[in-house]
Amino acid sequence: MHRIKLLLIAIIVFVSAGMAMAAGNELVKKETFVFAIEQGDTLRMDKYSGITTTGGSRPVVLFAFGGGFKGGDRATPTYVAFFHKLVEQGYTVVSTDYRTTLASLSLSQVNSAGAFVSLLQDAIATATFDFCRATRFVIDHSEEWNIDSERIVACGSSAGAVTVLQAEYMLCQQGNPMKELLPEGFHYAGVVSFAGAIASVGQPKWAQAPCPILMFHGDADRIVPYEKAVFGDVGLWGSYAICQALDQRDAPHVLYSVNQAGHEMAERPMRENLWEIMAFLSRLNDENLMRIRHIKEQTTGEEVPVKAYSLEEYIKANM
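Here goes a summary of the coordinates provided. (Residues numbered from 1 in each chain as written. Predicted model: local features only at pLDDT ≥ 70, side-chain atom pairs only at ≥ 80, totals over all residues. Heavy atoms only, no water.)

## Topic: the packing of aromatic side chains
- Under the criterion given, the structure shown has 18 aromatic pairs.
- Taken together, a centroid distance of 4.8 Å and an interplanar angle of 55° make the contact between Phe63 and Tyr79 tilted. Here Phe63, found in strand E3 (residues 58-64), pairs with Tyr79, found in helix H2 (residues 77-88); they are 16 residues apart in sequence, far enough to count as distant.
- In this structure Phe63 comes out as buried when scored by relative accessible area, which is 0%.
- A residue is classified by how much of its surface remains accessible, and Tyr79, at 3% relative accessible area, is buried.
- Taking 6.5 Å as the distance between ring centres and 35° as the angle between the ring planes, the aromatic pair formed by Tyr79 and Phe83 counts as tilted. Taken together, the residues span about one helical turn, with Tyr79 and Phe83 both in helix H2 at a distance of four residues. Taken individually, Tyr79 and Phe83 each receive the classification buried, so the pair is uniform in this respect. (Phe/Tyr/Trp six-rings, centres within 6.5 Å; stacked < 30°, edge-to-face > 60°. Helix = DSSP H or I, 4+ residues; strand = E, 2+ residues; numbered from the N terminus. Buried < 20%, exposed > 50% of the residue type's maximum accessible area, 1.4 Å probe, protein only.)

Structural data, given as structure tokens:
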């Protein structure tokens, strides 16, 4: 009899736990939309929103996945867990597709560093174009989705981080044709970059001050350069170089770097740095609270010095 009671208790606890998990999952509603069809590619986005959310319009985090412009998945489990955390804090999250034009890249196409630079620039431009179209789709549906189109935060991982940084950089340059995709004067409310970079001729320079930017990067990253990977004057300028350029403009930003960390910083902050991310997002509502901050996380062992990162090394790491 005693064993039967214990068994019944165990079953009740198990069922109750399952109901609680189901209820938790129901707090976040996922919807999928097609926002563009381009040369046979159907581009979709997933919107994550709170079912029980009430009140005024919500801020938005628009997310771009990683994958080296060769692939990737907007619904990677690590991302989705992060999205749910953001929804719990009152945000609507939209995770979007973009075209990955390096997916069919073969070694025969890369007969020189210059050829790779050209292909990479095209890939970044294509991804940025698609991200801006996704942004426009979100803006056009802001009333229907009960979101605030003036509080759209661009966020991305790895290649996606390159994409979102490039999008805001493009919006700050005079005469850039991509600006025509978005309402006049539009800027993101903020940018959150997990191991990102900007492609430019020479170190990035903003014609206009950008929105506040939060960057996470490991100084031993061999996939996306922490400092730079250049061919002549053209190349990728990583978080450290971006930080230097933002310092010169006295533009609000936060660089959170980790010594000896590699490309794991493209995802690790989504699990381990939620406090820093939420603190940054909360400060976007008050420009007086935004600051320039350089945070260096130390790990055990000898510090890895910041080194120049050749484009040849980048090509080898990404092929």
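## What about the sheet that holds E3?
- Taken in spatial order, the nine strands line up as E1-E2-E4-E3-E5-E6-E8-E11-E12 in an open sheet, and their pairing is mixed. Across the chains shown, the open sheet's two edge strands, defined by having one partner strand only, are strand E1 (28-38) and strand E12 (292-297). Strand-to-strand, the axes of this sheet are offset by a mean angle of 15°, without reference to chain direction.
- Sheet topology note: the strand E11 (residues 253-258)/E12 ladder contains six bridges and is parallel. Bridge pairing links His253 to Ile292 in E12.
- Across the face of the sheet, helix H3 (residues 113-140) comes into contact with E1, strand E2 (41-50), E3, strand E4 (92-96) and strand E5 (147-157) while running at roughly 125° to E1. (Pairing = 2+ DSSP bridges. Axes fitted to C-alpha atoms, helices over the stretch in contact; angles between N-to-C directions. Contact = heavy atoms within 4.5 Å.)

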